[in-house]
Amino acid sequence: GESVGLHLPTLSVQEGDNSIINCAYSNSASDYFIWYKQESGKGPQFIIDIRSNMDKRQGQRVTVLLNKTVKHLSLQIAATQPGDSAVYFCAENNGDSSYKLIFGSGTRLLVRP
Amino acid sequence: DVKVTQSSRYLVKRTGEKVFLECVQDMDHENMFWYRQDPGLGLRLIYFSYDVKMKEKGDIPEGYSVSREKKERFSLILESASTNQTSMYLCASSLGGRGTDTQYFGPGTRLTVL
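First, a word on what this report is: a plain description of the structure on this page. (Residues numbered from 1 in each chain as written. Chains lettered and ligands numbered in written order. Predicted model: local features only at pLDDT ≥ 70, side-chain atom pairs only at ≥ 80, totals over all residues. Heavy atoms only, no water.)

1. Description of the sheet that holds strand β7 (residues 64-70) of chain B
Residues and elements named next belong to chain B.
Turning to step 1, where the next piece is worked out: Taken in spatial order, the four strands make up an open sheet running β1-β3-β8-β7, and their pairing is antiparallel. Each edge of the open sheet is held by one strand with a lone partner, namely β1 (4-6) and β7. Here the average twist between neighbouring strands, direction ignored, is 20°.
Turning to step 2, where the next piece is worked out: Note that β7 and strand β8 (residues 73-78) share five bridges and pair antiparallel. Along β8, the bridge assignment pairs S67 with S75. (Pairing = 2+ DSSP bridges. Helix = DSSP H or I, 4+ residues; strand = E, 2+ residues; numbered from the N terminus. Axes fitted to C-alpha atoms, helices over the stretch in contact; angles between N-to-C directions.)

Now the structure itself:
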């Protein structure tokens, strides 16, 4: 498969454990955040989003936590499965009225069987 | 479900060729985007369009142009391909609100310029 990043931080977890992937965002004015998952050779896939008026949002097996005080975003994956192996990256809207998103560089999640 | 499709998964072209990358979305989205993704550099915005026939430069527009004649279709054009344009190209679309729009991505086109 194709690599989306040569020097990405890597998180290695045992299958069945919970995973926590972190993201520090840059702009305190950002008010919308998204987590994407990108498998090797594929386009990024939307996982979950959160607006700045929330601290936590849950999906199916995933939870996003937002700490605006320290400009930190995390993605928690419960009962990690081999199919969760991918690069995960966060995106922020930069708080302005543009259509653009600012993307983080990503974290590679490896799930050990 | 939102579906964004790209015309080719893999493409090999020669230096100096004119290259067209096509992207189609089927959800009546207003906004469409073209990115390139390179190891260590992440996603970089080339161009985006917020309406038919409207376009704005992104962060790295040099060497590229775009066309949006129909709402569902956004084309990226490499006027004269060069080896430094070898990359993964990703198209995305979003509904149309400002600043709080999820972007949905296509599968990507891996372009190699020889």
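2. Notes on the interface of chain A and chain B
Turning to step 1, where the next piece is worked out: In this complex, chain A contributes 26 residues to the contact, which on the side of chain B involves 30 residues.
Turning to step 2, where the next piece is worked out: Between chain A and chain B, a total of about 2,100 Å² is buried, with carbon and sulfur atoms accounting for 57% of that surface.
Turning to step 3, where the next piece is worked out: Three residues, Y99, K100 and F103 of chain A, lead the burial of chain A against chain B; their summed loss comes to 32% of the area buried on that side.
Turning to step 4, where the next piece is worked out: Linking chain A with chain B are five residue pairs in polar contact (both at pLDDT 80 or more), by the criterion used here.
Turning to step 5, where the next piece is worked out: Every element with two or more residues in the side of chain A that touches chain B is listed here: β3 (32-38) and β4 (45-51) of chain A. (Contact = heavy atoms within 4.5 Å. Buried area = accessible area lost by both parts, 1.4 Å probe. Polar contact = N/O pair within 3.5 Å; in protein donor to acceptor, adjacent residues only side chain to side chain.)

3. With respect to the environment of L21 of chain B
Residue and element names in this part refer to chain B.
Turning to step 1, where the next piece is worked out: Within the element layout of this structure, L21 appears in strand β3 (residues 19-25).
Turning to step 2, where the next piece is worked out: A residue is classified by how much of its surface remains accessible, and L21, at 0% relative accessible area, is buried.
Turning to step 3, where the next piece is worked out: Along the chain, L21 and L11 lie 10 residues apart, while their C-alpha atoms are 9.4 Å from each other.
Turning to step 4, where the next piece is worked out: With sequence-adjacent residues up to four places away left out, L21 is seen in contact with S7, L11, W34, F74, S75, L76, Y89 and T109. (Buried < 20%, exposed > 50% of the residue type's maximum accessible area, 1.4 Å probe, protein only.)

4. Details of the packing of aromatic side chains
Turning to step 1, where the next piece is worked out: Applying the stated criterion across every chain, the model contains 12 aromatic pairs over all chains.
Turning to step 2, where the next piece is worked out: Taking 5.4 Å as the distance between ring centres and 90° as the angle between the ring planes, the aromatic pair formed by F103 of chain A and Y35 of chain B counts as edge-to-face. On the criterion of chain membership, the pair formed by F103 of chain A in strand β9 (residues 102-103) and Y35 of chain B in strand β4 (residues 31-38) is interchain, its members lying in two chains. Exposure class is identical for F103 of chain A and Y35 of chain B. Each is buried. (Phe/Tyr/Trp six-rings, centres within 6.5 Å; stacked < 30°, edge-to-face > 60°.)

5. Looking at the pattern of salt bridges
Residue and element names in this part refer to chain B.
Turning to step 1, where the next piece is worked out: Enumeration according to the criterion identifies 10 salt bridges over all chains in this entry.
Turning to step 2, where the next piece is worked out: With its nearest N and O atoms 2.8 Å apart, the salt bridge here joins R44 to D38.
Turning to step 3, where the next piece is worked out: Between K53 and E69 there is a salt bridge whose closest N-O contact spans 2.4 Å. A residue pair is termed long-range when its members are at least 10 positions apart, and K53 in the loop between β5 (42-51) and β6 (54-57) and E69 in strand β7 qualify at 16 residues. Side by side, K53 and E69 carry an identical accessibility label, which is exposed.
Turning to step 4, where the next piece is worked out: A network of salt bridges, in which partner residues are shared, links D28, E30 and K71. (Salt bridge = Lys/Arg side-chain N within 4 Å of Asp/Glu carboxyl O.)

6. Notes on the nonpolar core
All names here are of chain B.
Turning to step 1, where the next piece is worked out: W34, I46, L76, L78 and Y89 are the most contacted members of the largest nonpolar core, which has 20 residues in total.
Turning to step 2, where the next piece is worked out: The set of elements that each furnish at least two residues to this core consists of β3, β4, β5, β7, β8, β9 (87-94) and β11 (109-113).
Turning to step 3, where the next piece is worked out: Excluding anything up to four places from it in sequence, L76 contacts V19, F20, L21, W34, I46, Y64, S65, V66 and Y89. (Core = buried A, V, L, I, M, F, W, Y, C linked by side-chain atoms within 4.5 Å.)

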